[in-house]
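If you want the building blocks of each chain, they are given just below.
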Amino acid sequence: MDIDDAVKIINELLIEKRPDRFNSTWIQKHSPHVYRFIRQNVRSETGGIDWDRVTRALDRRFQRKWMTSSRNRKISYRKKAEVGIILQRYHTKLYTFIAPANKNDEHMRDIISIALVRIAQKGNVIAKEEVIKLVRFTIDDWIERHPVLSSWEGYESLIPKRIEGCIRCYRYSGTFIGYMFKTLQYAGRGLIPTYTMTEYLK
């Protein structure tokens, strides 16, 4: 069995069982051998099961049905080594946050951002700071190039809080970068456009 086989089996089970929601416990109950394969072979850089890799590969109609386990409030901590594992592994690909050249670069940016977000969601403050720093490059580019985000010009000081909110709320549906774009797009609708005096006089 490989990851493609595991994903195919999960897709087929979801079609057959049609659950409103599912999670790792559901997979373990309905397909123990697939769960064992994932537990043993699909691991994140920091050692846990990489459920993001599994859910990203599922049929899109099922991704939104993935449900995370409810957990108590996380205790904040600073562990540089956790973040260092991600940054060291992908250090030659960090340029993708500034200037992704193609779809492969965008995919790599998704992988890096999600890996850091998951560590930040556990409470690692350094990971949260790294996500904010990296995605600001991407957001600044969006504000310049995408009219739907141009309303954020002049409100850049509010962006870190929006990123923090995205880190807290992001689950498993779609990419973190895409989720953040949509969040900024919707939130930006309530912002009053800002103008310099020179622009106003034109």
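Values in this document were obtained by computation on a predicted structure and should not be read as measured data.

Following both chains from N to C, one finds helix α8 (residues 125–145) and helix α9 (residues 159–169) inclined at 120°, their axes separated by 10 Å at the closest point. In the crossing of α8 with α9, the sense of the turn from one axis to the other is right-handed. Here Lys-128, Val-131, Ile-132, Val-135, Arg-136, Ile-139 and Ile-143 of α8 come into contact with α9, specifically with Ile-159, Pro-160, Ile-163, Glu-164 and Ile-167.

Bringing the packing of aromatic side chains into the picture now. Here the structure, examined in full by the defined rule, presents seven aromatic pairs. Relative to Trp-66, the ring of Phe-22 has its centre 5.2 Å away and its plane inclined at 80°; by these criteria the two rings are edge-to-face. Placement of Phe-22 in the loop between α1 (3–17) and α2 (24–30) and of Trp-66 in the loop between α5 (60–63) and α6 (80–89) is noted, with a sequence separation of 44 residues between them. By relative accessible area, which is 1% here, Phe-22 ends up buried. A network of ring pairs unites the aromatic residues Phe-22, Trp-26, Tyr-35, Trp-51 and Trp-66 as a single cluster.

As a further point, take unusual backbone geometry. Most peptide bonds take the trans configuration, and most residues that are not glycine carry a negative phi. Despite not being glycine, Arg-18 shows a phi value in the positive range, around 50°. On the secondary structure map, Arg-18 appears in the loop between α1 and α2. For Arg-18, a relative accessible area of 67% puts it in the exposed group.

Reading the values: the criteria
Residues numbered from 1 in each chain as written. Predicted model: local features only at pLDDT ≥ 70, side-chain atom pairs only at ≥ 80, totals over all residues. Heavy atoms only, no water. Axes fitted to C-alpha atoms, helices over the stretch in contact; angles between N-to-C directions. Helix = DSSP H or I, 4+ residues; strand = E, 2+ residues; numbered from the N terminus. Left-handed = near helix turned anticlockwise from the far one by under 90°. Contact = heavy atoms within 4.5 Å. Phe/Tyr/Trp six-rings, centres within 6.5 Å; stacked < 30°, edge-to-face > 60°. Buried < 20%, exposed > 50% of the residue type's maximum accessible area, 1.4 Å probe, protein only.

In short, the description is geometric, and any link to function would need to be established separately.
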